[in-house]
Structure formats: structure tokens, C-alpha cells
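Structural features, examined
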Amino acid sequence: MKRSLILLRGINVSGHNKVPMADLRAALTDAGLVNVATYIQSGNIAVDSDADAKDLGQLVEQMVLESFDVRVPAVVIAQSEIQSILNNAPFSTDADPAYQVIYFAGDPVDTAGVAAIDGSKYPGDDITATAKVIYVSYENGQSKSKLTVNTLERAAGCNLTGRNLRSTVKLLSL
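Notes on the structure follow. Going along each chain's sequence as written, the residues are numbered from 1 onward. Only residues with pLDDT of at least 70 are given local features in this predicted model, and only at 80 or more are side-chain atom pairs given and counted; all residues enter the totals for whole chains, interfaces and linings. Only hydrogens and water are removed before side-chain values are computed, so all heavy atoms of the structure are retained for them.

Describing the packing of helix H1 (residues 21-30) against helix H2 (residues 53-68)
A pair of packed helices is captured by two measures, namely the crossing angle of their axes and the spacing between those axes. Viewed as axis vectors pointing N to C, H1 and H2 meet at an angle of 120°, and their least axial separation amounts to 11 Å. On the basis of their axis angle, the class for H1 and H2 is oblique. The crossing of H1 and H2 is right-handed. Of the residues in H2, those in contact with Asp23, Leu24, Ala27 and Leu28 of H1 are Val60, Met63, Val64, Ser67 and Phe68. Residues are grouped as follows: nonpolar covers Ala, Val, Leu, Ile, Met, Phe, Trp, Tyr, Cys and Pro; charged covers Asp, Glu, Lys and Arg; every other residue, Gly included, is treated as polar. Classifying every residue of the contact of H1 with H2 gives seven nonpolar, one polar and one charged. Axes here refer to lines fitted to C-alpha atoms; in helices the fit is confined to the stretch in contact. Angles between the N-to-C directions go from 0 to 180 degrees. Elements are defined by DSSP. Helices are runs of H or I of four residues or more, strands are runs of E of two residues or more, and each kind is numbered from the N terminus. Each angle is binned into one of four classes, with values under 35 degrees roughly parallel, values over 145 roughly antiparallel, values of 65 to 115 roughly perpendicular, and all other values oblique. Note on convention: near helix rotated counterclockwise from far helix by under a right angle means a left-handed crossing. Clockwise means right-handed. Any two residues whose heavy atoms approach within 4.5 Å are treated as being in contact.

Considering the packing of aromatic side chains
For Phe, Tyr and Trp, rings pair up if their centres lie within 6.5 Å, where Trp contributes its six-membered ring, and each pair is then called stacked (planes under 30 degrees apart), edge-to-face (over 60) or tilted (otherwise). Applying the stated criterion across every chain yields a total of one aromatic pair. Considering the side-chain rings of Phe91 and Tyr135, the 5.8 Å spacing of their centres and the 85° angle between planes classify their relative orientation as edge-to-face. Separated by 44 residues along the polypeptide, Phe91 in the loop between helix H3 (82-87) and strand S5 (100-105) and Tyr135 in strand S7 (residues 133-137) bring together distant segments of the chain. Classification of Phe91 by relative accessible area gives buried; the value is 13%. In this scheme, a residue with accessible area under 20% of its type's maximum is buried, one over 50% is exposed, and one in between is partly exposed, where area comes from a 1.4 Å probe on protein chains only.

Here's the deal with the sheet that holds S7
Between any two strands, at least two bridges found by DSSP are needed for them to pair. Strand order in the open sheet formed by four strands is S6-S7-S5-S8, with antiparallel pairing between adjacent strands. Strands with a single pairing partner mark the edges of an open sheet, and in this sheet they are strand S6 (126-129) and strand S8 (160-164). Strand after strand, the sheet turns through a mean of 20° between neighbouring axes, direction not considered. Relative to S7, S6 runs antiparallel, the two being bridged by four bridges. Bridging across to S7, Thr128 finds its partner in Tyr135.

Remarks on the pattern of salt bridges
Take a side-chain nitrogen of Lys or Arg and a carboxyl oxygen of Asp or Glu: if they are within 4 Å of each other, that pair is a salt bridge. Across all of its chains, the model carries three salt bridges by this definition. For Arg9, the salt bridge identified is with Glu153, shortest N-O distance 2.6 Å. Note that Arg9 is positioned in the loop between strand S1 (2-8) and H1 and Glu153 in helix H5 (residues 149-156), a separation of 144 residues in sequence. The partner of Glu81 in a salt bridge is Lys132, and the shortest N-O contact between them spans 2.7 Å.

Encoded structure:
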């Protein structure tokens, strides 16, 4: 079995899409997943599974819908890939890790589409795209930027879910 990370987008945000982590861990275990762990309340899950990423993502999306009546996309990535993603991050070591966000993609990123984003609309925010992730360094933080996940998804042509640098580092230990 391999360790996989399942990143849910948009749960437990401002009282919407409530999914209690203890209940989520129990439901995932009942669905046959092994060694289930979660980190904070924002849908960071680690499991041991032999399923491929697409099947695992579909299983979790369906289980969350059936168990919690919440429809959210699930992005699945091998935990072993996280260190490489962090090593390739173009972030300054002096920058606030809360302002450095990695958007994980559910499907291959249209890097040309992301490169075509008009940076003048988002002064101070730096965007770098690869086939699997989009790195964004927000000059004044994500909440103060006009560069939204919806803008990035339109440009990338796929579902994304973001985690700040601090949370992404924590995924290594799940």
C-alpha cells in the first residue's frame, strides 16, 4: 500500500460544507481505507491504499456526498511527491509561509493558460505553474488579493485546492 493525500476543497469554511474530521475519519475507515489521518479542519486527509488516484478521489467524493451531503472535489496526490513539490517551490525563504500557497491540481494544469494570466491585475502576486501544481506568492496575503482560486481554475482548466506553505509542510508527517 502507498500513502496518499486527499485534499478536499471548500469544507468547513465560514460554517459552510460542514464535515467533522472525526466523523470523516470514521466514514473513510468504514469505506475500507486504512490508517486514516486528518490535519486541521480543512480537508487534509492521509490514507494507505492500493487504489489509483482517480479511483480514490471518486470514492472519497462519493463518500463525502453520501455521508455529509456535501459535494466537493477531492485532489489526490502521493505523499511521496510532497517533498519534491516543496523543493521546487519558487518561494523566497524570507516570505511569510502563510502568504505562500500551493494549489494542487485534480488534472494536468494548462500551464500556457496560467502563463497567460494578466499579472498587472494582481500586482505583487507571483504565479508559477507546473503540470501538477500552481505556486502563488501573495504579497499581502490571499485574503487581500484579487487573484482567486476560481481565476486560477479557469486559466488552468482543472479543479484546484490550495494549501499554504505551512500546511503543505505538515502533509509530510501525516
